[in-house]
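Per-entry structural report
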Amino acid sequence: MKSLVSIREGGLASWAFRLGAAALVAGLVLWIPTSAGGGLISTAIEALTLMSAAMALNLILGYTGQISIGHSAFLGIGAYTTGIFVSRWGFSPWLTFPIAFAIAFVVGVIVSFPASRIKGVYLALVTLSLGLVFPQLLTWKKLSWLTGGGAGLPNKDSQLQTTGFNIGRKEGQMLHFEIFGWNPFGDLRRPDNKAAFWYWIAAGVAVIVYLVCRGVVKSRIGRSMIAIRDNETAAAVMGVNLVRTKAFVFGLSAGLCALPGCVVAIKIGSVSPEGITSLTVKGAITFLIVMVIGGAGSLWGPIVGAALYVFVTEKTGEWANDDAIPALIRPLFAWAKVPPGDGIFAILLILLMFVAPRGIVGLWNQYSSRIVRVLPRPAGAVGPAPMAAVAVSTITDSEGEHE
Amino acid sequence: MTLLKATGLSAGYGPVTVLQGLDLEVQQGEFVVMLGANGAGKTTTMRAISGLLSRQGHIEFEGVDITKASPDAIVRAGIAQVPQGRGTFPELSVEDNLHTGAFVRADAEGVRDDIARWLAVFPRLAERRHQRAGSLSGGEQQMLAIARALMSRPKLLLCDEPSLGLAPLITQELFSVLEGLHRDEGLSVLLVEQNANLAMHIASRVYLLETGRIVASGSAAELSADDSIRKAYLGF
Amino acid sequence: MALFFQRLVDGLSYGSVYALIALGLVIVYRGTGHLNFAQGEMALFCAYFVYQFGEWGIPIWPAMLLGMGVGFLLGSATEVTLIRPIARRSPFAVFIVTIGLFTFLNWLDGAIWGNQQLPNSGVGSEQLTYPSLFPNDPQDQWLPFGVSIRYERVGILVLVLVLTGLLFLLFNKTKFGLSMRAVASNSESAKLSGIRTNRVLMMSWGLAAAIGALGGVVQAGLNGNVNLGLMFTVFIYGSAAATLGGFDSPGGAVIGGLLIGVIENLASGYAPQWVGQEMKLGVAFIVILAVLLVKPSGLFGTAKVERV
């Protein structure tokens, strides 16, 4: 296959590329809260939480091949942990992050035990029922002492608003966020500063989730996961402990999925079954769609997918109202009584299974090797080879293909 | 007259080509045997003829080109196969298995007669007429598979390793049934086997298949006479 | 005692709808080995169509048959265009496609008919409520021993039983039914017997969708209106029923559906504190889980031995 440019792995140019890409992403991430308007920040926060949830789902579905359409329940556990612990018992919201992770982790491990005995579509049904039952559990009268029932929290029994961080001076309202005396956000009563604050929490969570996923995927456990996905029986025969691996990954996936739930709770300021769509099955399906469109089984897939999803939904959100549609495409969508966002993604998902089953990232991997090809380091070589870092080549070479 | 004729037949699974341009033919009334070791391509040949794989080259049946024909058209043309591993319908009863074999036929009377006939030829099947096919023994399932294939009154019967996994006595019984049909009714048969012994006695002609190619062909006597072939392929 | 009977009858009629959805799921699964995640939404789509037919003045029974026809077309078209090409790749891809279809159909319903419940005078509907297949006025009931047995509920149950009987005849006494069973049992041998397996698959999906359409219409009739969320929970109940009965047993699907309808209704009626309205789905969830852990092949299904 012809490429325009060949680069040696580990060489100078390879590093340059990676740093360049990282700088681009970092620049975008840094730019958003500072110069963009409130609308874009809000959209970005949505994208970041969706990214985190999709990345978490990717661990168990994309990499380990266990179908789960119930991850919305874990996000809900995260949101409600924050809601309950802060408003009923006055915990600091920061503490609720690890607590939510731990609770969701345990639930995930518990779910994994029956899941080990259930295959494929049956597992999909079980997790789907879980996802459907969770919002019902929240409104269950028997649990309303904890969950606040249908109305949610905070309610008249609560001590605090969930956005009321009680670190700092006044009760109920956090005025400043100080790190070692540095106050980067200013007065948190102002909506701009609050938005930036939430943005950074969401971004922080996304980064943490990414790093954890990356660490797991590139480790031995990651290889076990992929082995399980590709052929469970073979994996077991090769010494992978199925039950333990699945338990761990399910737990981790659940725990990580709870974190964006905490972020959502903090941002909205209250938790209720109606108020947070991401904890219903619709949310779980959205995570799935985002993950598959972006590219299941790849680290950046969920990130790309989430960004695309939020962007398109945002842009087309107004299109239920005919005037908002750009005149050129009006005939396509003017007849629809609801915004076309969901329809577009549904069609995209189906098309993708025909054309690009590995999602956008898969497509990128396929076609980017036409432009840039990274030659792997020869076995035994240590360190970069600075002199021969870049070679321009138009000769077809069947060796050295790098995905 | 030439019943089946294949020239330059190639077939495989995805990127792997198993058959590398075969030439073979079956004349009317012949009992042709194809011998070959595991992996030689015997089953692939059978499946290619029956249309279960995509194939390149040329296959003709009774002078009609069936290279691109669908499996059901090939059955209608008059080729029936007893697949490797029996291929019965385990959840269906013995009787329903037979009815399925006659799927392409429209004459209900004739079908009923044929069912009675085959149950008479294989009395063990008659005893288990309403039993689920999956609960039959290996030998019984093989009988059922043969009967099912014959229900369509084929002109050419393809048999893929009928002796596989069966006790010698049963195998002999089956082969004698096939031999009887060939002798008494002129049924044309193409049979593939690993077990040379049994097959050589009945065969009109033998093909030797090795890694997707025909390496020798001739009558059973001719091949047995050739020492090197005998030792290398026929094992005696 | 009267109350028990009441709840039993009501449970059976809700269970009838679950049975219909479960039947569709089982027919597809038996024939093709896939779970049609979009079964509920296909049914809903047809139910919306029947509403529309009603708006155009067509009486309910012909409208329902037309709706089943729409379902048949939808199901068979889906199999040919979406499922068959993808099935070659992987079962996971098929699953994703059915999820995509699920989302698409639901969106399409909203896009065409809006997201309020219909009929709705605010939207200019001709009809007052969604038509029911059987007499539905408040006084259309028997009142033996203080139990209210509504004609509608009995009618639905009878309809489902009749349908089940017809399907039994189709599967066991017709050549086409034999071909369906053969393809489900061993698709390659079916080809070798001269059966056009592609056609059988297509018809299986069509039949399943048509049955689902009936389920959608019945559910909408029971509900009084059709809305976007009508079939979400019904789909889960139908899946629970198919799991309970055994995914390769149509009879099991029907029995499973009726059982779950009854269990759910009795549970919520007799233990309102514990189950009530909120946790009815919890019953379905527990059923699915219990069956899959104890006897995965269900009550009437055949256990498959996994060959490595």
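Along each chain, the written sequence defines residue order, and numbers are assigned to residues from 1. To label them, take the chains in the order written and letter them from A, then take the ligands in the order written and number them from 1. Since the coordinates come from a predicted model, pLDDT governs what is reported: local features require at least 70, and pairs of side-chain atoms require 80 or more to be given and counted, while whole-chain, interface and lining totals use all residues.

1. Some details on the overall build of chain A
We apply this condition: Put simply, DSSP marks the helices as runs of H or I at least four residues long and the strands as runs of E at least two long, and each gets a number from the N terminus on. A residue is called partly exposed when the number of other C-beta atoms within 10 Å of its own lies between 12 and 20, exposed at 12 or fewer, and buried at 20 or more, with C-beta atoms placed from the backbone.
Counting secondary structure elements, chain A contains 15 helices and three strands. For chain A, with 403 residues in total, the buried portion stands at 44%.

2. Some words on the overall build of chain C
Note the following rule: What the globule rule says is 2.2 Å times the number of residues to the power 0.38, and the radius of gyration is computed from C-alpha atoms.
A count of helices and strands for chain C gives 11 helices and two strands. Tracing chain C from N to C terminus, the helices and strands come up as α-α-α-α-β-β-α-α-α-α-α-α-α. The C-alpha atoms of chain C give 19 Å as radius of gyration, which agrees with the globular expectation for 308 residues (19 Å, within 12%). When its C-alpha atoms are laid out on the principal axes, chain C stretches across 60 × 45 × 35 Å.

3. Topic: the interface of chain A and chain C
Short version of the rule: Contact between two residues is assigned when their C-beta atoms, built from the backbone, lie within 7 Å. For this classification, the nonpolar set comprises Ala, Val, Leu, Ile, Met, Phe, Trp, Tyr, Cys and Pro, the charged set comprises Asp, Glu, Lys and Arg, and every other residue, Gly included, is treated as polar.
Of the residues lining the interface, 35 residues belong to chain A; the matching set on chain C comes to 38 residues. Going through the elements one at a time, α4 (93–117), α5 (120–139), α11 (281–294) and α14 (341–355) of chain A are the ones with two or more residues in the side of chain A that touches chain C. Looking at the side of chain A that touches chain C, the element that brings in the most residues is α5(A), giving 13 residues. Among the residues forming the side of chain A that touches chain C, the class breakdown is 24 nonpolar, six polar and five charged.

4. Examining the confidence of the model for chain A
All names here are of chain A. For clarity, the threshold we go by: A residue's pLDDT is the confidence the predictor assigns to it, expressed on a 0 to 100 scale.
Across chain A, the average pLDDT comes to 76, with 73% of residues at 70 or higher. Across chain A, the element-wise mean pLDDT spans from 33 in strand β3 (residues 390–392) up to 90 in α11. Confidence drops under a pLDDT of 50 for residues 164–172, and excluding neighbours within four residues, the segment shows 19 contacts in the predicted structure. Across residues 383–403, confidence stays below pLDDT 50; counting only partners more than four residues off in sequence or on other chains, it has 29 contacts.

5. Comments concerning the interface of chain C and chain B
Contacts between the two partners involve 15 residues from chain C and, on the opposite side, 20 residues from chain B. For the side of chain C that touches chain B, the elements supplying multiple residues, two or more each, are α6 (175–185) and α7 (187–192) of chain C. No other element matches α6(C), which puts five residues into the side of chain C that touches chain B. Counted by class, the side of chain C that touches chain B contains four nonpolar, seven polar and four charged residues.

6. Re the sheet that holds strand β7 (residues 156–160) of chain B
Residues and elements named next belong to chain B. The following threshold applies: Paired strands are those between which DSSP finds at least two bridges. Here, axes are lines fitted to C-alpha atoms. For helices the fit covers the stretch in contact, and angles between N-to-C directions go from 0 to 180 degrees.
Pairing within the open sheet is mixed, and its six strands lie in the order β6-β7-β8-β3-β9-β10. Of all the strands in the sheet, just β6 (79–82) and β10 (213–218) have a single pairing partner and so form its edges. Geometrically, the sheet is characterised by an average inter-axis angle of 20 degrees between neighbouring strands, direction not taken into account. Both strand β3 (residues 31–36) and strand β9 (residues 205–210) contribute to a ladder of five bridges, which runs parallel.

7. Re the sheet that holds strand β2 (residues 16–27) of chain B
Residues and elements named next belong to chain B. Overall, antiparallel pairing links the four strands, which are arranged β2-β1-β4-β5 in an open sheet. Since the sheet does not close on itself, it has two edges, and those belong to β2 and β5 (64–65), each with one partner. In the sheet, strand β1 (residues 2–13) pairs with strand β4 (residues 55–61) via six bridges, with the strands oriented antiparallel. Paired with A11 across the strands is R55, a residue of β4. The strands touched by helix α1 (residues 42–49) are β1, β2 and β4; relative to β2, the strand with the most contacts, the crossing angle is about 70 degrees.

8. Observations regarding α1(B)
All names here are of chain B. Extensive coverage of α1 is indicated by the burial of seven of its eight residues. What α1 keeps buried is the set K42, T44, T45, M46, R47, A48 and I49. Directly beyond the C-terminal end of α1, a positive phi value near 85 degrees is found at G51.

9. Digging into the packing of helix α3 (residues 71–89) of chain A against α5(A)
Residue and element names in this part refer to chain A. Across the interface, α3 lies against α5 with an axial gap of 7 Å and an inter-helix angle of 35 degrees. Residues S72, A73 and G76 of α3 form the contact with α5, whose participating residues are L130, G131 and F134. Classifying every residue of the contact of α3 with α5 by side-chain character gives three nonpolar, three polar and no charged.

10. Re unusual backbone geometry
The omega torsion of the bond from L118(C) to P119(C) falls at 0 degrees, within 30 degrees of zero and hence cis. Looking at where P119(C) falls in the secondary structure, it is placed in the loop between α4 (91–113) and β1 (141–142). We note that E62(B) has phi near 55 degrees; this positive angle belongs to a residue other than glycine. Here E62(B) shows up in the loop between β4 and β5. For E62(B), a count of 16 C-beta atoms within 10 Å puts it in the partly exposed group. Its identity is not glycine, yet E161(B) carries a phi of approximately 45 degrees, on the positive side. For E161(B), the position within the fold is in the loop between β7 and α7 (168–185).

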